[in-house]
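Each chain, letter by letter, is given below.
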Amino acid sequence: MEILEQERKSMSIYLQPSKQLGYSNIYLDFLKKNEAVEKFYPAQSLKSVADQLGSKEFDRSAIADILINQNKQFGSSQLVFDNIELLRESNTLCVATGQQAGLFGGSLLIIIKALAIVKSAKLYSEELQQPVIPIFWIAGDDHDYEEVNHTYTLDRLSQIVKSTYEATPEIDLPTAELLFENAEALENAKTTLKESLGETDFTKELYDLIDSSYTTSDNYASAFGKLMAQLTKNYGLVLFSPGDTQVKKLSVDFFQSVILKQDELHELLDETNEKIKTQGYHIQVEKKDNSVHLFYNLNGRKPVLRDGDAFSVGEKSFTQQELLDTIAEHPEKFSPDVMTRPIWQSIIFPVISQKGGAAEIAYLAQINRLFNLFDVTVPYYKARPTLTVVEKRYQTLMDSHQIQFEDLVGDIEDVINRILTESFPEDLEQKFQSLKNHIKCHFEDFTKDSISFDNSLEKFASQIYGKIDYSLNTFEGKVFSAHKKKSKESRDRIYRLWHSLYPMRTFQERVVNVAFFISRYGFEFIPFLYAQIDSEEPNHKLMYLSEMEQ
């Protein structure tokens, strides 16, 4: 792992994405703008996309009305509604990102992505000299309940605590339709979260926000929207939930086009996937050949499948015309899959740029040719910023023991052993080495005298010394083990560091809920995070909270 830069003034450190950090080859080549990968990402600049979008028509008034209605329900600030009004203007563009509606706001990366597109929108507005607004897509159409029904925090000992809403739905509904109607399960999830965080000067306001956002009258999307609206109230982030009935009515033509263009759609996907594999890259998203790339909520969200000219959803069969008619009559029951959702997004909004993580960037390579199929402009893709928050106590620990972030990515026991070895009493180690040398010297002298009587004793002497040396090394190991036992406090501190910065053997931002940091540093953590984010920087940042604590 390469440390690219250390900002002497801010103490921030940037780490270059690498295979060691778990990034794929296609993503790494995307960042390098490698010629082999550029063909899969046709948009080469913001200006080129802006020029293309200038000739496209969008139902701006209708979508603005929908956004106003949704953001009123979320309790968004006036800055949000000012941005929504800008969308009515024919030259306004959007920078987009999104995520599933994770419990209690999900992991830290969600707020990082949200704040990043706010910064990008301002930057792109200045660069292009036209309005650009930030749109956060709440993926409430998704039905992967196990992905959103829990979140993680760290307790006082930096142990990972999982808070879960234990009320599994009987059918796979979109999460935007799943109410937190089990009051006991909701309260249990909140209690686990609150017990892990404890009580601080900041937790009353935090817990009040969580309690008011997550109620038995809310679903995953609405609760998430209410929480995010408050966390980002000073930044004008426009929240959007695609599960809205009015949105689906505007999308009838697109849903029907997906059905009508099945042959071309599959041909393009197959050709692109083959080209990606030919270049030596992996396929991020694998789909069955009979996938239509639409879902239908028929007593649960189910994939629409195709067999020749016939279609099916679960046990129900459709002719093509029957399916087209069903879409026209009940568009609210349909939603795209992962392959067609980005196209849908760019049909609804004039998206100039999409911020994505490594996995998202990888799978977008598979679908970019589909944009032309639906006469939609491909956005200019940008890697989202990524960072690890380092509290002052852990910064001090890392500095005092010269622990690098890459050390935490490897075997933590190697780090512990190195530090304990360094702290091993030097005089004791020297005495032990002197003892071994002394025994070896005297044994060798004695052996020389002994074999003068009988040369056959040399082999026996070598075997005996091997046993002595083994016993001495075993004794040394026992002494070191005793030292490790006495150094339990140091060992525990290193494990707390590991759990905090690289929990569950992955980046902190993918695991830890933002509530953890708010509970310790207050809601001022959000503007500090916003100030620290470089929206155009793909390299991983170590963000030190010692600056905030000053």
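Summary of the structure given here. (Residues numbered from 1 in each chain as written. Predicted model: local features only at pLDDT ≥ 70, side-chain atom pairs only at ≥ 80, totals over all residues. Heavy atoms only, no water.)

### Remarks on the environment of serine 546
Considering the arrangement of structural elements, one finds serine 546 in helix α25 (residues 546-549). Sequence separation of serine 546 and lysine 392 is 154 residues, and the distance between their C-alpha atoms is 4.9 Å. When residues no more than four places from it in sequence are discounted, the contact partners of serine 546 are Lys392 and Gln395. Reaching out from serine 546, the side chain makes a polar contact with the side chain of glutamine 395 at a distance of 2.8 Å. (Helix = DSSP H or I, 4+ residues; strand = E, 2+ residues; numbered from the N terminus. Contact = heavy atoms within 4.5 Å. Polar contact = N/O pair within 3.5 Å; in protein donor to acceptor, adjacent residues only side chain to side chain.)

### Section: the packing of aromatic side chains
What the rule picks out here adds up to 26 aromatic pairs. Ring plane angle 40 degrees and centroid distance 6.2 Å describe the contact between tyrosine 23 and phenylalanine 507, whose orientation is recorded as tilted. Note that tyrosine 23 is positioned in the loop between β2 (13-15) and α1 (25-32) and phenylalanine 507 in the loop between α22 (488-501) and α23 (514-521), a separation of 484 residues in sequence. Judged by its relative accessible area of 1%, phenylalanine 507 falls in the buried class. Between phenylalanine 405 and phenylalanine 507, the aromatic rings sit 6.2 Å apart at their centres with planes inclined by 15 degrees, giving stacked as the arrangement. One end of the pair, phenylalanine 405, is in helix α18 (residues 405-409); the other, phenylalanine 507, is in the loop between α22 and α23, and 102 residues separate them in sequence. Members of the aromatic cluster, joined through ring pairs, are Tyr23, Tyr27, Phe30, Tyr41, Tyr381, Phe405, Tyr502 and Phe507. Geometry around phenylalanine 295 places arginine 301 over its ring, the cationic atom sitting 3.9 Å from the centre. (Phe/Tyr/Trp six-rings, centres within 6.5 Å; stacked < 30°, edge-to-face > 60°. Buried < 20%, exposed > 50% of the residue type's maximum accessible area, 1.4 Å probe, protein only. Lys NZ or Arg CZ within 6 Å of the ring centre and 35° of its normal.)

### Some points on the side chain of serine 163
Here serine 163 is to be found in strand β6 (residues 160-164). Polar side-chain contacts of serine 163 include one of 3.2 Å to the backbone nitrogen of leucine 193. The contact partners of serine 163, leaving out residues within four places of it in the chain, are Leu103, Asn149, His150, Thr151, Ala189, Thr192 and Leu193.

### Quick word on the sheet that holds strand β14 (residues 380-383)
One open sheet holds the 5 strands; their spatial order is β7-β4-β3-β13-β14, and the pairing between them is parallel. Of all the strands in the sheet, the pair left with one neighbour each is β7 (238-240) and β14. Across this sheet, the average inter-strand angle for adjacent strands is 30 degrees, counted without regard to direction. By the bridge criterion, 7 bridges tie strand β3 (residues 93-99) to strand β4 (residues 132-138) in an arrangement that is parallel. Following the sheet pairing, glycine 98 is matched in β4 by tryptophan 137. On the sheet, helix α10 (residues 220-231) packs against β4 and β7 and is oriented at approximately 140 degrees with respect to β4. (Pairing = 2+ DSSP bridges. Axes fitted to C-alpha atoms, helices over the stretch in contact; angles between N-to-C directions.)

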